[in-house]
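Letter by letter, the chains look like this.
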Amino acid sequence: MGLGGCISQAKYKSLAMAIMAIFFSLTTPVGIAIAIRISKIYREESSTSLIVEGVLNSCSAGILVYMALVDLLVAHFMNPRMQSNLRLQLGANVSLLLGAGCMSFLAIWA
């Protein structure tokens, strides 16, 4: 939904928008097809599978952390009201760290 909205707001030419929409709508089915093909030869116990899974999980986690810190939180933390109030800055940073700590604690059971 977010990428589709960005494509429509970008005011590209009709052909470029159509090509982007086609690629956008095909990425999930193509990914599923690739996963089905790979699942035929996938062995959970092999060291290569564990390494690949670990690398992909860490890349996914890194993307999520980046999106949270750079794209979502920066708008709140760079707000002029936040910048001018030290107490509000301290509360926001403590809340951020406390929330990250709680999420890490919940990861014990994941």
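Conventions used here
- Residues numbered from 1 in each chain as written.
- Predicted model: local features only at pLDDT ≥ 70, side-chain atom pairs only at ≥ 80, totals over all residues.
- Heavy atoms only, no water.
- pLDDT = per-residue confidence, 0-100.
- Helix = DSSP H or I, 4+ residues; strand = E, 2+ residues; numbered from the N terminus.
- Expected span 1.5 Å × (residues − 1).
- Bend = angle between axes of the 7 residues up to and from the residue.
- Axes fitted to C-alpha atoms, helices over the stretch in contact; angles between N-to-C directions.
- Parallel < 35°, antiparallel > 145°, perpendicular 65-115°, else oblique.
- Left-handed = near helix turned anticlockwise from the far one by under 90°.
- Contact = heavy atoms within 4.5 Å.
- Nonpolar A, V, L, I, M, F, W, Y, C, P; charged D, E, K, R; others polar.
- Buried < 20%, exposed > 50% of the residue type's maximum accessible area, 1.4 Å probe, protein only.

## Some points on the confidence of the model for the protein
- Mean pLDDT over the protein stands at 87; residues scoring 70 or higher make up 99%.
- Helix α1 (residues 2-9) is the least confidently modelled element of the protein, averaging 74 in pLDDT, while helix α5 (residues 86-106) averages 92, the highest of any element.

## A short note on helix α2 (residues 14-39)
- Taking 1.5 Å as the rise per residue, α2 with 26 residues should run 38 Å; its terminal C-alpha atoms sit 38 Å apart, in good agreement.
- When the local axis directions of α2 are compared, the greatest deviation, roughly 35 degrees, occurs at T27, which is followed within four positions by the proline P29.

## Section: the packing of helix α3 (residues 47-77) against α5
- One can describe the packing of α3 onto α5 by two numbers: an axis separation of 11 Å at closest approach and a directional angle of 155 degrees. Of the possible angle classes, the one that applies to α3 and α5 is roughly antiparallel. Seen along the crossing, α3 lies across α5 with a hand that is right-handed. Contact residues: L69, L73 and F77 in α3; A92, N93 and L96 in α5.
- Classifying every residue of the contact of α3 with α5 gives five nonpolar, one polar and no charged.

## Side note on α3
- Taking 1.5 Å of rise per residue, 31 residues should cover 45 Å, and α3 covers 42 Å from first to last C-alpha, within 8% of that figure.
- Maximum bend of α3: about 25 degrees, positioned at M67.

## Topic: the environment of S14
- Mapped onto the secondary structure, S14 falls in helix α2.
- Exposure remark for S14: the relative accessible area of 64% places this residue in the exposed category.
- The spacing of S14 and N57 is 43 residues in sequence and 37 Å in space, taken between C-alpha atoms.

## Let's talk about the environment of L96
- You can see L96 is positioned in helix α5.
- Sequence-distant contacts of L96, defined by excluding residues within four places in its chain, comprise L69, L73 and F77.

## Considering the packing of α1 against α2
- At a minimum axis separation of 10 Å, α1 and α2 run at an interaxial angle of 175 degrees. Judged on the interaxial angle alone, α2 and α1 are roughly antiparallel. Of the residues in α2, those in contact with L3, G4, I7 and S8 of α1 are M17, M20 and F24.
- Of the residues in the contact of α1 with α2, the class split is five nonpolar, two polar and no charged.

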